[in-house]
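Structure at a glance
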Amino acid sequence: MSNLWLGLKLARRELRSGTRGLRIVLACLALGVAAIAAVGSLRASIQAGLQADGARLLGGDFEIRGGYQPVPAEAVQWATSRGATASAVLLTRAMLVAPSGERTLVELKLVDQAYPLYGALRLDPGTPGGGVQRGTVAVEPAVIERLGLRIGDEVRLGEARLRLTATIAEEPDKVASPTIFGPRAMIRLDDLAATQLAQHGRLINNEVRFRLPEGTDAVAFTRDLRAAFPQAPWRLRMANQAEPGVNRFLDRAASFLTLAGLTALLVGGIGVATGVRAWLEARGRTIATLRCLGAPAGAIFATYLWQVLALAVLGTVIGLVAGFGLTALAAQALSGVLPVPAVLVPYWAPLGLAALYGMLTALAFSLWPLGRAREIPGAALFRDSFAPARAWPRWPLVALNAASVLALVGLVVLTAEQPLFALWFCMGAAAALALFRLGATALMALARRLPRLRRPSWRLGLANLHRPGAPTPIMVVALGIGLTTLTAIAQIQGNLTRAITNEMPDAAPNFFFIDIQPAQVPAFDALLRGNPAVTEMRRVPSLRARVVSVKGVPADQVRVTPDSAWALNGDRGLTYTGAMPADTRLTAGAWWAADYRGPPLVSFDAAIAAGWGVGVGDEIGVNVLGRDVTLTIANLRQVAWRGLGLNFTLIASPGLLETAPHTHIATVRNAAGADSAVLRQVTDAFPNVSGVRVREVLEGVAALLGRVSGALTATGSVTLLAGMLVLAGAVAAGQGRRVREAVVLKTVGATRGQIRSAFLVEFGVLGLAAGGVAAAAGPAAAWAVTR
């Protein structure tokens with residue numbers, strides 16, 4: 001304790017002279033903390049916006065989702081009899097046909113007169129009553145641009161001819177019902193019969209939103225509703241869950257960006273170690289004098305630990321303030337992309353987490369140089385900058401250093417959305433540090449063993465790489481990790497974009513045709529097989545099913561891996577067949593006979609089965625059109641989802657499901673340039689059938705990646721900026737020595753040009769070495785993340 005108090009007194013006196021030697025430590029910590037604080041605060045501000053505006057985003061205080069089944073009238077009546085106001089919404093996809101014959105797939109939304117319960121639907125131009133009227137349709141501006149429409153044109157949806165009266169300027173609940181495969185078109189629910197789109201097995205999502213009387217407890221109300229209908233197959237969603245998909249996307253994007261920010265903080269940690277070491281070297285004579293005069297080693301250690309902690313606190317505070325400022329700038333820049341306006345107030349949880357990261361990083365990277373200086377004898381400290389002494393910190397300090405590193409790793413893993421991915425990140429970071437440290441050692445050894453060069457500047461520059469106290473290891477590590485991060489991000493973006501825009505369209509069909517009625521199958525097949533432009537057509541029956549149990553355990557109680565949880569949410573595609581489909585690759589079990597008519601069996605996706613912990617012989621319960629059916633797993637198969645063909649998680653045996661109402665789905669490949677002709681031929685003959693252009697969907701995904709890539713590149717650039725700060729710190733740390741060397745060299749006849757050339761050789765070789773290792777490490781990291 002006496003050493004701590006003496007150290008605090010000496011630290012306070014030394015800090016009066018300023019923090020000039022530790023400014024790099026300040027900058028490195030502030031930069032990393034700012035990146036993490038900005039990402040965490042932006043996520044929290046968007047989630048707060050979703051929470052505050054949940055009723056408008058959902059369209060009600062709560063919602064009943066029936067999926068492909070209508071919401072029971074009894075449930076709606078139960079809620080309205082207790083004062084709730086109901087609004088029914090149907091969502092489906094359909095082809096909208098212009099007077100010219102041009103057509104496009106639209107996300108069709110059918111609303112009633114009560115819509116919207118919260119917020120306002122803005123149409124341009126406005127309509128009487130402010131909503132969509134019977135016999136009319138409103139569309140997003142993209143539909144008008146794509147089809148060359150004008151307000152007042154008559155368009156066709158299914159079998160109905162409707163008047164285009166307005167464009168949709170603002171849709172209050174779009175977050176809860178996003179457009180995925182096409183732009184929005186909106187009509188009245190009363191016009192559903194005229195369109196003839198409500199056919200058996202069609203992909204229609206039935207939703208009813210409810211607005212509760214002022215002061216009603218929504219949680220208690222929905223709890224009573226569930227109790228009144230305990231066996232109901234529908235799902236209930238509250239306003240604070242307006243769109244779980246948005247929250248999942250935010251969590252995963254923030255997790256990835258936080259890891260990129262942590263990389264910047266990791267590089268900044270190297271800067272901390274460099275800055276502390278330079279600070280101690282600058283104070284070397286003072287420390288050595290105190291040691292020779294009998295000052296306890298513990299007091300010396302405490303003196304500089306107090307100073308580092310004080311600077312770490314200051315750097316962390318600067319980073320938190322800067323991070324909050326970056327949050328406001330990011331929210332303004334992304335205002336057109338974010339689902340809701342960000343609520344910009346300080347969020348103490350992400351700011352506290354960023355501060356904890358900063359302090360742990362400062363501790364993890366400063367204890368070693370501080371502990372090393374503690375163990376060097378006073379006389380040796382005078383020589384340490386020219387002939388570094390081999391000294392290790394004492395074991396308690398080594399243990400404390402290891403504990404701080406483990407605490408930092410634990411914090412990264414435990415606070416990540418995907419802990420396993422975060423753990424791999426930590427292991428990758430450790431491997432990268434080791435790789436670049438080995439690369440620096442190899443470079444120094446190579447420079448030492450090179451034959452004597454004739455040009456003095458080249459000889460001096462290469463000698464600087466391996467002289468005593470050379471900053472080569474620190475420079476190679478700092479620059480290399482920054483370059484690796486940027487290279488990895490560029491490779492990830494490039495590979496994903498190429499896969500989506502080039503590889504997948506080449507392997508994918510041109511069209512998916514959905515909602516083909518069983519009675520239309522013979523004519524549909526004949527039409528396409530008679531078209532010379534069609535090179536391949538595949539068609540299978542298609543049903544919608546909801547998984548209700550796994551091995552007898554209700555679906556909401558099943559414990560599954562995060563990457564397989566999607567298959568338990570919502571409705572799943574289900575088909576049946578006798579013969580095993582072509583290109584099927586079984587991993588377990590055997591296929592049933594083509595004429596099988598026994599108890600229902602199912603072929604299941606092997607990857608999902610592993611995530612659910614099921615295998616051959618286990619049972620899965622599914623609900624098909626309100627009826628629970630138990631399927632026994634007969635085999636597992638590997639599903640090639642990237643091919644975008646007719647792939648299903650569940651393929652059932654023939655028999656029972658053949659009698660259920662269903663539609664068919666088909667994929668079509670056609671000759672280049674024949675897309676429009678094929679689409680027009682099919683949808684003219686079958687107005688209820690919708691055609692999905694695969695390339696348009698993939699282009700939309702690629703555009704989304706393009707918008708995300710800016711944030712990734714910006715965050716990766718922070719890492720490179722941190723590396724540049726570390727480089728500047730390393731150069732500044734040796735500046736005094738370089739000045740003395742330059743004076744000696746000039747004295748013995750060296751010119752300024754030769755000295756400058758020597759420095760250029762030294763730093764040029766350092767940059768080439770770091771870039772060369774990064775060129776190998778970056779793609780390797782990108783491969784792991786992309787896979």
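All of the points below concern the structure found in this document. (Residues numbered from 1 in each chain as written. Predicted model: local features only at pLDDT ≥ 70, side-chain atom pairs only at ≥ 80, totals over all residues. Heavy atoms only, no water.)

1. Examining the packing of aromatic side chains
Rule in force here: Aromatic pairing here means that ring centres of Phe, Tyr or Trp (its six-membered ring) are within 6.5 Å. Orientation follows from the plane angle: under 30 degrees is stacked, over 60 is edge-to-face, and everything else is tilted. Counting from the N terminus, the helices are DSSP H or I runs at least four residues long and the strands are E runs at least two residues long. The cut-offs for exposure are 20% and 50% of the maximum accessible area for each residue type, with area from a 1.4 Å probe on protein chains only; residues under the lower value are buried, those over the upper are exposed, and the others partly exposed.
Applying the stated criterion across every chain yields a total of 8 aromatic pairs. Centre to centre, the rings of W78 and F221 are 5.5 Å apart; their planes meet at 70 degrees, and the pair counts as edge-to-face. Taken together, the residues span a long stretch of sequence, with W78 in helix α4 (residues 73–80) and F221 in helix α7 (residues 218–228) at a distance of 143 residues. Considered together, W78 and F221 belong to a single accessibility category, that of buried residues. Both rings, one in F604 and one in W612, keep their centres 5.2 Å apart while their planes meet at 45 degrees; by these two values the pair is tilted. Ring pairing ties together the aromatic residues F62, W78, F210 and F221, which thus form one cluster.

2. A closer look at the nonpolar core
Note on soluble globular proteins: their nonpolar side chains tend to be buried together. Just so we agree on the cut-off: In this description, a nonpolar core means a group of buried Ala, Val, Leu, Ile, Met, Phe, Trp, Tyr and Cys residues linked to one another through side-chain atoms lying within 4.5 Å. Residue contacts are counted whenever heavy atoms from the two residues lie within 4.5 Å of one another.
The biggest cluster of nonpolar side chains holds 63 residues, and the ones touching the most others in it are L280, Y357 and L370. In terms of residue count, the dominant contributor to this core is helix α11 (residues 348–375) (11 residues). Apart from the residues within four sequence positions on either side, L280 is in contact with I287, Y304, P369, L370 and A373.

3. What about the environment of Q520?
Cut-off, in case you're wondering: The term polar contact refers here to a pair of N or O atoms within 3.5 Å; inside protein, the definition further demands a hydrogen-donor-capable atom paired with an acceptor-capable atom, and it admits residues adjacent in sequence only when both atoms are side-chain atoms.
For Q520, the position within the fold is in the loop between β11 (511–516) and α17 (521–529). Engagement of the side chain of Q520 in a polar contact is seen with the side chain of N688, the distance being 2.8 Å.

4. With respect to the side chain of S564
Within the secondary structure, S564 sits in the loop between β13 (553–554) and β14 (572–576). At a separation of 2.9 Å, a polar atom in the side chain of S564 contacts the side chain of T561. Excluding anything up to four places from it in sequence, S564 contacts I608, G611 and W612.

5. Re the pattern of salt bridges
Using the following cut-off: Salt bridge, as applied in this entry: a Lys or Arg side-chain nitrogen positioned within 4 Å of an Asp or Glu carboxyl oxygen.
As enumerated under the stated definition, the model contains 19 salt bridges in all. Of the charged contacts, one joins R680 and E102 as a salt bridge, the two residues approaching to 3.3 Å between their closest N and O atoms. Of this pair, R680 sits in helix α19 (residues 675–685) while E102 is found in the loop between β2 (85–97) and β3 (103–111), placing the two residues 578 residues apart along the sequence. For R680, a relative accessible area of 32% corresponds to the partly exposed category. The salt bridge partner of K109 is D173, with a shortest N-O separation of 2.8 Å. Note that K109 is positioned in strand β3 and D173 in the loop between β7 (160–170) and β8 (184–188), a separation of 64 residues in sequence. Three or more residues are tied together by salt bridges with common partners; here these are E63, R65, K109, E171, D173, R184, E207, R209 and R237.

6. Digging into the pairing of strand β20 (residues 663–670)
Stated formally: We call two strands paired when DSSP finds no fewer than two bridges between them.
Within β20, 7 of the 8 residues are buried, which leaves it mostly tucked inside the rest of the structure. In the sheet, strand β12 (residues 534–550) pairs with β20 via 8 bridges, with the strands oriented antiparallel. Bridged to S542 within β20 is T663.

7. Looking at unusual backbone geometry
Most peptide bonds take the trans form, and the phi angle of most residues other than glycine is negative. Backbone torsion omega between Y115 and P116 reads -5 degrees, so that peptide bond is classified as cis. Looking at where P116 falls in the secondary structure, it is placed in the loop between β3 and β4 (122–124). The omega angle of the peptide bond from D124 to P125 is 0 degrees, so this bond is cis rather than trans. By the element assignment, P125 lies in the loop between β4 and β5 (136–139). Its identity as a non-glycine residue notwithstanding, Q196 has a phi of 60 degrees, on the positive side. With respect to the helices and strands, Q196 occurs in the loop between α6 (192–195) and β9 (205–211).

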